[in-house]
Structure formats: C-alpha cells, structure tokens
Amino acid sequence: MKPDYLIVGSGLSALVFGALMANSGKTVQILEAHEHPGGFGHTFTMAKKYTFNAQFHYVWDCGEGQLVNRVLKKLGLEKEVTFERYDPNGFDHMRMPGYALDIPSDPEELIRRLSRLFPAASDRIRQFINDVEKTGAGLKRLAPPVKPMELLKHTREVACAVQYLNSTLQDVFDKFQLPQAAQTLLALQWLDFFAAPQSTFILCLGCII
Ligand SMILES: Cc1cc2nc3c(=O)[nH]c(=O)nc-3n(C[C@H](O)[C@H](O)[C@H](O)COP(=O)(O)OP(=O)(O)OC[C@H]3O[C@@H](n4cnc5c(N)ncnc54)[C@H](O)[C@@H]3O)c2cc1C
C-alpha cells in the first residue's frame, strides 16, 4: 500500500513528523540507511551494559508547555519520556589553560562569570550575550506558526534575529571584539557541533539557547 508520507532518513525531525502524522491517522513509511534508527539521536549499547547516545547531551525546550513537552503531549508520551535537569549552576564545564568556566543556565550569571574572567571586556560581553539571547527569543517568534501579534509584541527580539540572518558566530565575536580566550570558552559551548566559529551561523545558536 502506498503510504501517505514517505520519509527519507529517521533522524529526530523525521521521527517527530512521522509520529505526529501517524498519530493523526496518516500512514507513514520511513527509509533509513543506517543500521540504527534515530539519526544523531540514536542510542546503542556496548558490553551489553552501557547505553550511549550517539550525540545528544542536552535537550532544550522540554519543560512544561515548551515545544518538546507539547509534542510529547500530542503523542501521549509525556509521562513515558521524562527529562533530568542538568545542574543550572554549571551544566557544562569549560576548561582551557589559565581559564575555567562553568556554564550556568541564567544568562546574567554567565555575564557575571565571564566579566570576572575578562573585566576589561565586561560591557562587550554583556552586549554579546544579550544579543544572542534576543536572537534566540526572536527566532522562537519567527518559527511557524508565526503569530503576527507575537511579532509585534517582540519587535526588538525579532529585529535582532533578522539582523543576524547571515552572520556567523565569528562575525558576532568580531562585532563585540571579545577577547580571544572568551571566544574560545564560548565557542566550546555555543558551537554548531563540529563547526568552527567562522562557519557557525549565529541563528543556529539562537535555536539552542
Ligand atoms: C556531536 C553532536 C552533538 C550534538 N548534541 C546535541 C544536543 O545535545 N542537543 C541537541 O538538541 N542537538 C544536538 N546535536 C544536533 C542534533 O544531533 C541534530 O540537530 C539532529 O540530530 C538533526 O536531526 P535530523 O532529523 O535533521 O537529522 P539526523 O539526526 O542527522 O538524521 C538523519 C538520518 O537520515 C539518514 N539518512 C541520510 N541520508 C539517507 C538516505 N539517502 N537514505 C536513508 N537514510 C538516510 C541518516 O542515516 C540519519 O539516520 C548534536 C550534533 C552533533 C553532531
């Protein structure tokens, strides 16, 4: 039988779309080239004892009412799929010679910690982090379904996201003239996985903050 949707690849996006369509009564067929389904999100076991995830180490937007939670609710899976919160005081630990930075959930605290490390650049650090935060908030308003009222209510954030449409992380580092060591600490955290700052689009970062 011909399915309503034929999906190539079984990564997260395919699985979410396929699950939502199947849940709404459509038929879905997924073609996967790899031996495990799930794309970068797949899990595998070693020594019959340890379970690893291929890439994921954190999932954003999974709190009550947020995107992941809403999708899980639509699928009736919100009780089955649960999340543990990382330490908000330092969910990532950045280390390099001479510098140590634990990344906190609160952007104000991140600004404080970075400013302690780079006091001469504290104003620029604040402006940089504020712009990354605004870009993330703007992107959320620009993601479908776009609600015109929301765009109007959040014009500053939306304008900020649009302003950085073609900017790489390196462009934004340069704009705020962040010290090289600060760039290194932040690029460890705000990277487009495996990509260098000059090829990481700042809008990708907006998606993950
Ligand atoms: C090191 C690393 C760490 C990451 N950590 C996180 C994280 O902590 N949190 C987070 O949210 N995101 C993280 N990401 C990003 C996340 O993995 C991706 O955004 C997400 O997996 C993209 O999902 P996708 O469905 O677009 O594609 P993918 O997950 O890439 O899936 C694509 C699938 O399509 C299959 N495929 C490709 N071509 C064909 C073909 N011709 N025929 C059949 N099948 C095909 C592939 O085998 C694969 O299974 C990380 C990425 C990396 C690389």
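Residues numbered from 1 in each chain as written. Predicted model: local features only at pLDDT ≥ 70, side-chain atom pairs only at ≥ 80, totals over all residues.

**Let's talk about the overall build of the protein**
When helices and strands are tallied, the protein shows nine helices and six strands. Within the protein, the proportion of its 209 residues that are buried is 17%. Partitioning the intrachain contacts of the protein with sequence separation of at least 6 by distance along the chain shows that 44% fall at a separation of at least 24. (Helix = DSSP H or I, 4+ residues; strand = E, 2+ residues; numbered from the N terminus. Buried ≥ 20, exposed ≤ 12 C-beta atoms within 10 Å, placed from the backbone. Contact = placed C-beta atoms within 7 Å.)

**What about the domain arrangement of the protein?**
One can read the domain layout of the protein as domain 1 (5-74) and domain 2 (92-208). The distance between the C-alpha centroids of domain 1 and domain 2 comes to 27 Å. (Domains from an automatic or database assignment.)

**Considerations on helix H6 (residues 155-163)**
Buried within H6 we find Glu157, Val158, Cys160 and Ala161. Buried residues along H6 cover an arc of 160° about the axis, so they all sit on one side. Of the residues in H6, the exposed ones pointing more than 90 degrees away from the buried face are Thr155, Arg156 and Ala159. (Arc of directions from axis to C-beta.)

**Considering the pairing of strand S6 (residues 99-103)**
Pairing analysis gives five bridges linking strand S5 (residues 92-96) to S6, with the strands arranged antiparallel. Looking across to S6, one finds that histidine 93 is bridged to aspartate 102. Hairpin remark: S5 followed by S6, antiparallel, with two residues in the connecting loop; positive phi at glycine 98, about 85°. (Pairing = 2+ DSSP bridges.)

**Comments concerning the packing of helix H4 (residues 122-142) against H6**
One way to put it is that H4 packs onto H6 with a least axis distance of 7 Å and a crossing angle of 100°. The pairing of H4 with H6 is recorded here as roughly perpendicular in orientation. Contacts between H4 and H6 pair Asp131, Lys134, Thr135, Ala137, Gly138, Leu139, Arg141 and Leu142 from the former with Arg156, Glu157, Val158, Cys160 and Ala161 from the latter. Of the residues in the contact of H4 with H6, the class split is six nonpolar, two polar and five charged. (Axes fitted to C-alpha atoms, helices over the stretch in contact; angles between N-to-C directions. Parallel < 35°, antiparallel > 145°, perpendicular 65-115°, else oblique. Nonpolar A, V, L, I, M, F, W, Y, C, P; charged D, E, K, R; others polar.)

**So, unusual backbone geometry**
Between proline 144 and proline 145 the backbone carries a cis peptide bond, its omega angle lying at -5°. Along the polypeptide, proline 145 turns up in the loop between H4 and helix H5 (148-153). The phi dihedral of alanine 47 is positive, around 55°, even though this residue is not glycine. The residue alanine 47 is located in the loop between strand S3 (43-46) and strand S4 (50-53) in this model. Unusually for a residue other than glycine, aspartate 61 sits at a positive phi of about 60°.

**Side note on the confidence of the model for the protein**
For the protein, the average pLDDT comes to 90, and 91% of its residues sit at 70 or higher. Predicted confidence in the protein is weakest over helix H9 (residues 202-208), with a mean pLDDT of 51, and strongest over strand S1 (residues 5-8), with 98. (pLDDT = per-residue confidence, 0-100.)

**Structural notes on H4**
Counted at 1.5 Å a residue, the expected span for H4 with its 21 residues is 30 Å, and the 30 Å between its end C-alpha atoms agrees. Residues Ile125, Phe128, Asp131, Val132, Lys134, Thr135, Gly136, Gly138 and Leu139 constitute the buried set of H4. (Expected span 1.5 Å × (residues − 1).)

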